[in-house]
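Structure assessment
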Amino acid sequence: MRRSLGVAAGLLLACSPWMAAWAQQPACSDGKTADGVVRAGNNRHCLVVRKLTPGTAPERIAAKVLVVFLHGDNGGRTDLKADSGTAAMLAEKLQAVTIDMQSPGYRSDLGTSDGQAGANGDDYTARNVEIVAGALDSLRILNPGKKILLVGHSGAAAMAALVAGRFPGSADAYLLAGCPCDAPAWRKWRNVPAGRAGAPDSSLSPLTEVEKIGSAALISVVVGNKDENALPQFSETYVRALQARGVKTRVTYAMNATHVSVQRAPEFFMLAGELAGKLSK
């Protein structure tokens, strides 16, 4: 009897990280649970997510890395596809469990994320950054032993850069693709010729917050050399500022890639693989 109790106690201790995470799952405002499968967040804010597992033998899946992909601006509507899209491709190419995360305020067939999303994008607010960081924190609790690689495209690259500065413990490495990281210059270039209004006063710029990022940060930046939206110069300016702070990084140019197609470029997946490899050591 004592032996049985001892075995049971051992199993309980072995499972304690998972049980603790399970016990801490909060309820989201839409009634879903922040379980890291369909929602991620805390008792104040939740984001819609879709968990993608690569179609390979379990022993081949990266054990130490959780990839989180955050999509770019699209006017408040997106799709989290189970079998296609950037997140699905990251899962297969990196052989890693990947979370397809729906940006704050965005809606899809899977639900609506908490936060703010405007019709013209540019939702890089302190509240939205905090919501993303909270979702990442919950994913870390639910995936003990894994390090988080946050991959952001377009506006989400700016969000990821802001998370790196304001909440550096929320992820362990960052890949920024097609980033409008010098947001004021990007807004001026994009909005003024089209007669659009400027950004709200609450919108943030990664470049002006670069001093919050430590020299040991793992940040890679990729941009299409034919990017017609977030011009390469907006990534270049940000990278120079990072380098001035001692961060070992560079701009990688995806040849013949546009703002959208950079997500399919070999350079994009190469950098993602390099960062995943560093986190797996």
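Look a little higher up for the structure.
In this report, the structure presented in the accompanying data block is examined. Quick caveat: nothing in here was measured; it's all calculated off a predicted structure. (Residues numbered from 1 in each chain as written. Predicted model: local features only at pLDDT ≥ 70, side-chain atom pairs only at ≥ 80, totals over all residues. Heavy atoms only, no water.)

Next up on the list: the state of the cysteines. Applying the stated rule across the entire model yields 2 disulfides. There is a disulfide in this structure between C28 and C46, and the S-S distance comes to 2.1 Å. Judged by the sign of its S-S torsion, about -80 degrees, the cystine formed by C28 and C46 is left-handed. One end of the pair, C28, is in the loop between helix 2 (16–23) and strand 1 (39–41); the other, C46, is in strand 2 (residues 46–52), and 18 residues separate them in sequence. No difference in accessibility class separates C28 from C46, as the two residues are buried. Paired by a disulfide, C179 and C181 hold their sulfur atoms 2.0 Å apart. On the S-S bond that ties C179 to C181, the torsion sits near 100 degrees, and the link is right-handed. The exposure classification of C179 matches that of C181, with both residues buried. What connects to what in the protein, once the bonded cysteines are numbered by sequence position, is 1-2, 3-4. (Disulfide = S-S within 2.5 Å. Helix = DSSP H or I, 4+ residues; strand = E, 2+ residues; numbered from the N terminus. Buried < 20%, exposed > 50% of the residue type's maximum accessible area, 1.4 Å probe, protein only.)

This brings us to the side chain of H153. Relative to the assigned elements, H153 resides in strand 7 (residues 147–153). Using a relative accessible area of 6% as the deciding quantity, one classes H153 as buried. A distance of 2.7 Å separates a polar side-chain atom of H153 from the backbone oxygen of H259. Ignoring any residue separated from it by four or fewer positions in sequence, one finds H153 in contact with F69, L70, H71, G72, A177, H259, V260, V262 and Q263. (Polar contact = N/O pair within 3.5 Å; in protein donor to acceptor, adjacent residues only side chain to side chain. Contact = heavy atoms within 4.5 Å.)

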